[in-house]
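Descriptive structure summary
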6 protein chains.
Amino acid sequence: MDSVFWAELPWPDVEQRVAAGAPVFLPVGATEQHGRHMALNVDAVIPTAICERVARSVGGLVAPTLAYGTRSQPRTGGGPGFPGTLNLTAGTFAMILRDVICDLHRQNVRRIVIVNGHYENIGPSIEGIELALDAIGRHRSEDLIILRFDHWELVRPETLDRIFPDGYPGIELEHASVLETSLMMALRPELVDLSRARHDGPAQFRPYDRYPRPPVEVPPSGVLSLTEGSSAEKGGWLLADVTVRMTEYVNEEFERGDKR
Amino acid sequence: MDSVFWAELPWPDVEQRVAAGAPVFLPVGATEQHGRHMALNVDAVIPTAICERVARSVGGLVAPTLAYGTRSQPRTGGGPGFPGTLNLTAGTFAMILRDVICDLHRQNVRRIVIVNGHYENIGPSIEGIELALDAIGRHRSEDLIILRFDHWELVRPETLDRIFPDGYPGIELEHASVLETSLMMALRPELVDLSRARHDGPAQFRPYDRYPRPPVEVPPSGVLSLTEGSSAEKGGWLLADVTVRMTEYVNEEFERGDKR
Amino acid sequence: MDSVFWAELPWPDVEQRVAAGAPVFLPVGATEQHGRHMALNVDAVIPTAICERVARSVGGLVAPTLAYGTRSQPRTGGGPGFPGTLNLTAGTFAMILRDVICDLHRQNVRRIVIVNGHYENIGPSIEGIELALDAIGRHRSEDLIILRFDHWELVRPETLDRIFPDGYPGIELEHASVLETSLMMALRPELVDLSRARHDGPAQFRPYDRYPRPPVEVPPSGVLSLTEGSSAEKGGWLLADVTVRMTEYVNEEFERGDKR
Amino acid sequence: MDSVFWAELPWPDVEQRVAAGAPVFLPVGATEQHGRHMALNVDAVIPTAICERVARSVGGLVAPTLAYGTRSQPRTGGGPGFPGTLNLTAGTFAMILRDVICDLHRQNVRRIVIVNGHYENIGPSIEGIELALDAIGRHRSEDLIILRFDHWELVRPETLDRIFPDGYPGIELEHASVLETSLMMALRPELVDLSRARHDGPAQFRPYDRYPRPPVEVPPSGVLSLTEGSSAEKGGWLLADVTVRMTEYVNEEFERGDKR
Amino acid sequence: MDSVFWAELPWPDVEQRVAAGAPVFLPVGATEQHGRHMALNVDAVIPTAICERVARSVGGLVAPTLAYGTRSQPRTGGGPGFPGTLNLTAGTFAMILRDVICDLHRQNVRRIVIVNGHYENIGPSIEGIELALDAIGRHRSEDLIILRFDHWELVRPETLDRIFPDGYPGIELEHASVLETSLMMALRPELVDLSRARHDGPAQFRPYDRYPRPPVEVPPSGVLSLTEGSSAEKGGWLLADVTVRMTEYVNEEFERGDKR
Amino acid sequence: MDSVFWAELPWPDVEQRVAAGAPVFLPVGATEQHGRHMALNVDAVIPTAICERVARSVGGLVAPTLAYGTRSQPRTGGGPGFPGTLNLTAGTFAMILRDVICDLHRQNVRRIVIVNGHYENIGPSIEGIELALDAIGRHRSEDLIILRFDHWELVRPETLDRIFPDGYPGIELEHASVLETSLMMALRPELVDLSRARHDGPAQFRPYDRYPRPPVEVPPSGVLSLTEGSSAEKGGWLLADVTVRMTEYVNEEFERGDKR
């Protein structure tokens, strides 16, 4: 029974690793449409895989993935109009994070890394962390460090240049497009079928949101940009970037720890 | 891309199956101590496996498992005193169910089966269903059917007699004991190591709860009853019972549907 | 003005008893159908009577009874289908307990005994206690002891054998049946009229819940088991069992107090 | 089994009376200091007694009394500084009302009368009603009428003149004073002991609130005005006023009903 | 950049004034109908103007005004039946106050003055303060003083006698009447047009509330009493009263500070 | 009494304009540090000014500005470390929007435009809209259109090129920098003092968040990018862009209305 996954260990093993100072990684994702050519679990698979790799290299543990994310929005994920997307409200999502962080803190975990794979989770993840700090008491949180990563921010510019020789369209439009497709081809190729991709993007969004009816600009496929040129090799480049850099940051933050 | 798991499909496949009336199974579990001899994911692994089997036989889909459960209690799961157990508050747990059920309903799912693997989830699962019905509007829920199973209630008495020739100690005490251990040996044998079991049960609980300090009666191992005699074969009997009977009930309920 | 009931005393008397270390008993019940032959207040009357007796013998006080309980469910109380049953949501119920416990703690009460008479209150009572401990701060709760009783768990096996020579059907099915009817005949005989009982039980429930429409298996009378053989004498046996044993447990817990 | 108290009836009796259009009265009170000379249950006893009388005269039913009220404030009830006062937060109180009203509405009650005995409950009672209407749906509430009374507003000016020949000090200062003391002497004389009254009022409050420490102006006894001159006879006058006038208003409102 | 308004200063100026012990004033109002002759912002304009004057005289700062108030009620503000009134729920209003007070406390503000201009805000303002104290921790609030004023309570009796030689009708009925109209004529004369006043008051309310349909007694104009005789001069008297007295109280409370 | 500000009108004027189909603009901002050279109200002043201009050109009304925003974060606004910033929790902020939208809908407003000036409000604004739609009922929202703008997204690329000949640093880093400073110089020049600017940016943020202690990368001034080159003239260009384009979008959306 050797695993970096918290839930695949018996409690005495978790106790021992926590006592040894293992940081705990929490992957937060979503179940959200990612085009006709990919499964709905993209936003959960990617951060889980990253957490697994970084936890392995820094001696950490990976808590169970949150597979339900905050309400998908048309301009960043296609929105609720697509079948298959399963949304939590922002309040529920934030409370899950609050509860999990508080419970990790209660059992003496003081190094927590939240790795997010779903754009709409950014705000509620921050709120969940803040609510946990409110609940723990900020005056009692001196020795606690929580880092929060959106994995796509760790891709190096030179890698983006290699992948997008004509210019990076930006993360919002990258939904279900080359970056995510390549990562999935590297991680779970059986969940990608490029032959089903319908090249109806990129989306030309108006610069505002519209409710309750979704705007007409979402491409029917749900792919906001393009899938052409996706490959497992490119996925490997991305994964390497994120893993290496996150490992560096985590090591640096947790080594200096309370000294900052 | 063929799977009974909702999140392993692209959205058009989910759309098509939902349109065809596929019932959706939602496994709800926990990350909770289950003795020195088993991983913490027992309560998530078992209902997920059951859902997978029943969904396959009735043409259903399995939504992502909730791997975080409601606060473990000493008399039924060892309680918060054990490292590794990760608890949600009852309110958060109920809101997750409310949100997921509402979102399934929004996309026209009308047959939902919640399969629970964690004793302390019973109440909050019911509350989550009730809150969803409150939110949807009971006058607008006429064509909706939600079934809620605690998997251990489907084991046939004759199977319990076979497994416990000296009498069944009851589900509360069965925590991390022969039933769950056998099921895990059948499903994920690599997560069980009987040689680590410490035979310090069964627990003799006083007939009341005590807060905030846990009562002294919880066995140090976290096993509330006994693990001796667990086997993958017995796990297979249990799995067969639950799968067969749940399939029958689901078919019967959803065939007669609105006619009741 | 001598009373064990907190609310029947002027404030200086409460102050004095609390200063003397009086434990505070909080009866939590429901307003729920209990068959055609009994009033709706069974789940409130019984724990109140028990609290009164135990408080008298241990020098305690009884806080006002919560007469509204958490949502009645078909398999354990008949469910919302019966007129007369008045339900709180689980969240509201838990918050009442949280507020009352916090306010008792604020005025230096450190010994609290919650006595429950309604099956569906179990989970939300636990949640209310946990929320109170969260609000007080677990690090500030060292000298606080909260005990939580479901009164039926204190009946001695020998008494059940005397009452049910053919075997005890279990507490869930006991709703509005011999135990509760006998207790009411001992406590409030004017609220029982056995001649109105309709012997349509015991219920044969399927091993799962069904929403939103209640399952067909609830007997029309609302009595889940049987009322035949109920008597005030048997009620007296039950009351004696529960009172004696609760007094013992309370004395034992509160004597050793912080020493555990 | 004849009673105006909802909870003292079996469910078929409640069903029948509700079907006959019986209005349901909900007494809401508090457990709050009322001077050295009276029990803490004044605010619960008085509205319950009024509801009982009016329900009897109009063929109504009385739901179980809410014995816990919203946070007592120094200028209107002595505030949290007095031992014995047990407070709910405003949010919890409002949710109780919301839940009870929704559940009454669910079982076809369309005439609800809330009778309040605790000054600080006014706002949260209104909020509870509004939340219930939000939950039911205002477009679905056309045939529902909810009346909300603060009992002291029904005392006739001529009765106040009789009781206070030197001028009425106003309801806020009347806390635990002549009106409430007289009513309790009429209703529950065993819970009043005028010999214990300490004549340290009336309070001279500054025209503002101060937190978190209570202002110094609260008289040590907790009586905000005066108790001298209280009598059961005066209590009878007050009770007669309120009962007669509430009966008239209820009859008038519910007769014309939807016609307004 | 010299201003008493917190939000009109750069952060270093706020930092400096807070360090110097400046009390912070928080005006809380509403957007609510105030008759045909006045703008909807009366309840926000008046407390803001008072805060500005008192802050100037005591060296304080004025935080941004809450322009949305708690649900207007028919007997005290016309109720939701009038177009233009924008209501928050009581829970939302209380949480705003909780959040703002907690955030002021976090940045070392220890003297807070809440000045209210809307009758229905009284209860939720108190709740917001109490929730903030709950969140901060009452044991950590020793050096914090929060004062809460309803501005109309500071008008001197002799001024009321001058304005109402025939007797003061009481604050509830004063809604949109002589007091508020005169204050607005003194503060924002361009937002008052007496020629549009319709003299259809004073309202003769029944002594109870009625839901969901508003009672018929609200005068069509929304003026609960009378506007005749309003003048800027009278507004000046009122403003002087409130400003002078609030300044005195604030000085007195904050000078003696923790010594009480 | 002519104004585009909802709260500066008497209720009959609001009623009339709403009946005529006036869209309602809701400016949402914050009270947040914006460098040593500007007041804290930047995020409230700018959207209010934009709403005023657009409302005037399309015949709309401007509801009272929300001057308190969601928790400022280090990477986008300096974070809670700066004195003067006053934060609401995300939950409170979302509930304000929910309440205001529901109340506008209740009084028949069917065209709502939310204009946001604070980066951290994006998520909670969306959540507030979604919660309002949940509360209203999506099946009852067919004729409702809500548009949500972040004002900086409407600046034309050619204007950014003119202002930033060396390239636009992106909106996150633009906090308190040239765009906001120029807009404030155009709108409220008395609240800007460029001589106080400390040129310590631009910030070089690490690509992740860190809690509870703010990261060291925030420039001491709170200006995330640069203020050099700010001017009222540039502010005028920006204001023109946003006003013209928002007017076009609003007209287009609300003309075609339900036809989309």
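So, here is what we can say about the structure in this document. Just so we're clear, the structure is a prediction, and the values are computed from it rather than from any experiment.

Turning next to the overall build of chain A. A tally of regular secondary structure across chain A gives 8 helices and 7 strands. The globule rule puts the C-alpha radius of gyration for 260 residues at 18 Å, and the 19 Å found for chain A is close to it. For chain A, the proportion of its 260 residues judged to be buried stands at 67%. Here the contacts in chain A between residues at least 6 apart in sequence split such that 77% fall between residues at least 24 apart. For chain A, the exposed surface amounts to about 8,400 Å²; the carbon and sulfur share of it is 51%. For chain A, the centre of its 26 positive side-chain charges and the centre of its 36 negative side-chain charges are spaced 3 Å apart.

If you walk across this open sheet you meet the 5 strands as 7(D)-6(E)-5(E)-1(E)-2(E), and the pairing is mixed. Every other strand in the sheet has two partners, leaving strand 7 (209-211) of chain D together with strand 2 (61-62) of chain E as the edge strands with one partner each. Looking at chain direction, strand 5 (residues 111-116) of chain E and strand 6 (residues 145-150) of chain E are connected through 6 bridges and run parallel. Bridge pairing links V113 of chain E to L147 of chain E in strand 6 of chain E. Sitting on the sheet, helix 2 (residues 42-58) of chain E touches strand 1 (24-28), strand 2 and strand 5 of chain E, and the angle it makes with strand 1 of chain E is about 170°.

Taken together, the contact between chain F and chain A spans 43 residues of the former and 43 residues of the latter. Applying the counting rule to chain F against chain A returns 14 salt bridges. When the shortest N-O distance is used, the salt bridge between E153 of chain F and R75 of chain A registers 3.2 Å. The tally of links from chain F across to chain A stands at 20 residue pairs in polar contact (both at pLDDT 80 or more). Of all the secondary structure elements, the ones that give two or more residues to the side of chain F that touches chain A are helix 4 (90-106), helix 5 (122-136), strand 6 (145-150), strand 7 (209-211) and helix 8 (232-256) of chain F. Looking at the side of chain F that touches chain A, the element that brings in the most residues is helix 5 of chain F, giving 7 residues. Its residues assigned to classes, the side of chain F that touches chain A shows 18 nonpolar, 5 polar and 20 charged. Pairing geometry for strand 6 (residues 145-150) of chain A and strand 7 of chain F, over 3 bridges, is antiparallel. Bridge pairing links R148 of chain A to D209 of chain F in strand 7 of chain F.

Residues and elements named next belong to chain F. With respect to the helices and strands, R198 occurs in the loop between helix 7 (178-187) and strand 7. On a C-alpha basis, the gap between R198 and V100 in space is 39 Å, while along the polypeptide they are 98 residues apart. Leave out the neighbours within four places in its chain, and R198 touches R36 and S221.

Bringing the pairing of strand 5 (residues 111-116) of chain D into the picture now. Residues and elements named next belong to chain D. In terms of burial, strand 5 is largely enclosed, as 6 of its 6 residues are buried. Side chains of strand 5 alternate between two faces, with R111, V113 and V115 and I112, I114 and N116 buried alike. Pairing of strand 1 (residues 24-28) with strand 5 involves 5 bridges; the strand directions are parallel. Bridged to L26 within strand 5 is I114. Once you follow strand 5 into helix 5 (residues 122-136) and on to strand 6 (residues 145-150), the crossover reads as right-handed.

Looking now at the packing of helix 2 (residues 42-58) of chain A against helix 7 (residues 178-187) of chain A. Residue and element names in this part refer to chain A. Between helix 2 and helix 7, the shortest axis-to-axis distance is 10 Å and the interhelical angle comes to 60°. One way to sum up the angle between helix 2 and helix 7 is to call them oblique. Here helix 2 and helix 7 pass one another in a crossing that is left-handed. Residues V42, D43, V45, I46, A49 and R53 of helix 2 touch helix 7, and the partners they reach there are E180, L183, M184 and L187.

What follows is about the relation of the copies chain F and chain A. Between chain F and chain A, which share one sequence, the superposing operator has a rotation angle of 180° and an axial displacement of 0.0 Å; the RMSD is 0.0 Å. Expressed as a symmetry operation, the mapping of one chain copy onto the other fits a two-fold axis. In terms of C-alpha distance to the rotation axis, chain F has G123 of chain F as its closest residue, with the C-alpha 2.9 Å off the axis. The overlap is high: 100% of the interface residues of chain F also sit at the interface in chain A, so the same surface is used on both sides.

The interface of chain F with chain E comprises 53 residues on the first partner and 54 residues on the second. Buried area between chain F and chain E, both sides added, is near 4,100 Å², and the carbon and sulfur share of it is 61%. Applying the counting criterion to the chain F and chain E interface returns 4 salt bridges. The interface formed by chain F and chain E contains 30 residue pairs in polar contact (both at pLDDT 80 or more). Breaking the side of chain F that touches chain E down by element, the ones donating at least two residues are helix 1 (11-19), strand 4 (87-88) and helix 4 of chain F. Among the elements that make up the side of chain F that touches chain E, the one with the highest residue count is helix 4 of chain F (9 residues). Considered class by class, the residues forming the side of chain F that touches chain E number 29 nonpolar, 12 polar and 12 charged.

With an RMSD of 0.0 Å, chain F superimposes on chain E once it is rotated by 180° and translated 0.0 Å along the axis. In this assembly, 100% of the residues forming the interface of chain F have copies in chain E that are likewise at the interface, indicating an isologous arrangement.

This next bit is on the packing of helix 4 (residues 90-106) of chain B against helix 5 (residues 122-136) of chain B. Residue and element names in this part refer to chain B. Closest axis-to-axis distance for the helix 4/helix 5 pair is 7 Å, and the angle between their directions is 45°. For the element pair helix 4 / helix 5, the angle class is oblique. Considering the relative orientation of helix 4 and helix 5, their crossing is right-handed. Where helix 4 abuts helix 5, its residues A90, F93, A94, L97, R98, I101, C102 and H105 lie against P124, S125, E127, G128, I129, L131, A132, A135 and I136. For the contact of helix 4 with helix 5, the per-class residue count stands at 12 nonpolar, 3 polar and 2 charged.

What counts as what
Residues numbered from 1 in each chain as written. Chains lettered and ligands numbered in written order. Predicted model: local features only at pLDDT ≥ 70, side-chain atom pairs only at ≥ 80, totals over all residues. Heavy atoms only, no water. Helix = DSSP H or I, 4+ residues; strand = E, 2+ residues; numbered from the N terminus. Rg over C-alpha atoms; globule rule 2.2 N^0.38 Å. Buried < 20%, exposed > 50% of the residue type's maximum accessible area, 1.4 Å probe, protein only. Contact = heavy atoms within 4.5 Å. Areas by Shrake-Rupley, 256 points an atom, 1.4 Å probe, with all protein chains shown as cover. Lys, Arg positive; Asp, Glu negative; His and termini not counted. Charge placed at Lys NZ, Arg CZ, Asp CG, Glu CD. Pairing = 2+ DSSP bridges. Axes fitted to C-alpha atoms, helices over the stretch in contact; angles between N-to-C directions. Salt bridge = Lys/Arg side-chain N within 4 Å of Asp/Glu carboxyl O. Polar contact = N/O pair within 3.5 Å; in protein donor to acceptor, adjacent residues only side chain to side chain. Nonpolar A, V, L, I, M, F, W, Y, C, P; charged D, E, K, R; others polar. Right-handed = clockwise from strand over helix to strand, strands pointing away. Parallel < 35°, antiparallel > 145°, perpendicular 65-115°, else oblique. Left-handed = near helix turned anticlockwise from the far one by under 90°. Least-squares fit on C-alpha atoms with pLDDT ≥ 70 in both. Buried area = accessible area lost by both parts, 1.4 Å probe.

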